[in-house]
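One letter stands for each residue in the lines below.
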Amino acid sequence: MTIRHRLCALDDLEPCAARRFEVDGHPIAVVRVGDDVHAVGDTCSHQRISLSEGEVLCERLEIECWKHGSAFSLLTGEPSMLPATRPVPVFPVTIEGDDVYVEVP
Ligand code: FES
């Protein structure tokens, strides 16, 4: 079962930048690309580094870990390059009006 939480207003999210949220104990990196919002686990699967401190690669819909450069898909959570080999979780996002919601287990 998942629980839906309101994160923020859409306008609170800077385009093509990551913002970290903590929702029910889940660290989440939230990224706005245009009018879409993506949410992935904020902790790199290689070491315990916050992905929201890294760069967002907007055209590729990826977020890059600043420590060793693995980039993770904002759609699937899968890394596209080493050294990370495991995906980070992806959390469903919905936007209603100006409100952004995320679902967490
Ligand atoms: S800590 Fe993220 S790629 Fe190594």
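Here the structure is shown first, and the text comes after it.
Here the structure is a predicted model, which means the values were calculated and not measured.

**Comments concerning the sheet that holds strand β8 (residues 90–91)**
Read across the open sheet, the four strands follow the order β2-β3-β4-β8; overall the sheet is antiparallel. In the strand order of this sheet, the two ends are held by β2 (18–23) and β8, each with one partner. As judged from the six bridges shared by strand β3 (residues 26–33) and strand β4 (residues 36–41), these two strands associate in the antiparallel manner. Bridge pairing in β4 links Ile 28 to Gly 41.

**Concerning the environment of Ala 17**
Topologically, Ala 17 is positioned in the loop between β1 (3–9) and β2. Residue class for Ala 17 comes out partly exposed when judged on the 14 C-beta atoms lying within 10 Å of it. Taking the C-alpha atoms as reference, Ala 17 lies 12 Å from Glu 59; in sequence the two are 42 residues apart.

**So, the sheet that holds strand β10 (residues 99–104)**
In space, the three strands of this open sheet follow the order β1-β10-β9, with antiparallel pairing throughout. Among the strands making up the open sheet, the edge pair consists of β1 and β9 (93–96). Between one strand and the next, the sheet's axes are offset by a mean angle of 30 degrees, whatever the strand orientation. Across four bridges, the pairing between β9 and β10 is antiparallel. Note that in β10 the partner of Glu 96 across the bridge is Asp 99.

**Some thoughts on the nonpolar core**
Ranked by size, the top nonpolar core spans 22 residues in total, and within it Ala 29, Val 30 and Ile 63 carry the most contacts. Listed by contribution, the elements that provide at least two residues to this core are β3, β4, β7 (71–73) and β10. In terms of residues, this core owes the most to one element, β3, which gives four residues. When residues no more than four places from it in sequence are discounted, the contact partners of Ile 63 are Ala 18, Ala 29, Val 31, Val 40, Leu 51, Gly 54, Val 56, Ala 71, Phe 72 and Leu 74.

Reading the values: the criteria
- Residues numbered from 1 in each chain as written.
- Predicted model: local features only at pLDDT ≥ 70, side-chain atom pairs only at ≥ 80, totals over all residues.
- Pairing = 2+ DSSP bridges.
- Helix = DSSP H or I, 4+ residues; strand = E, 2+ residues; numbered from the N terminus.
- Buried ≥ 20, exposed ≤ 12 C-beta atoms within 10 Å, placed from the backbone.
- Axes fitted to C-alpha atoms, helices over the stretch in contact; angles between N-to-C directions.
- Core = buried A, V, L, I, M, F, W, Y, C linked by C-beta atoms within 7 Å.
- Contact = placed C-beta atoms within 7 Å.

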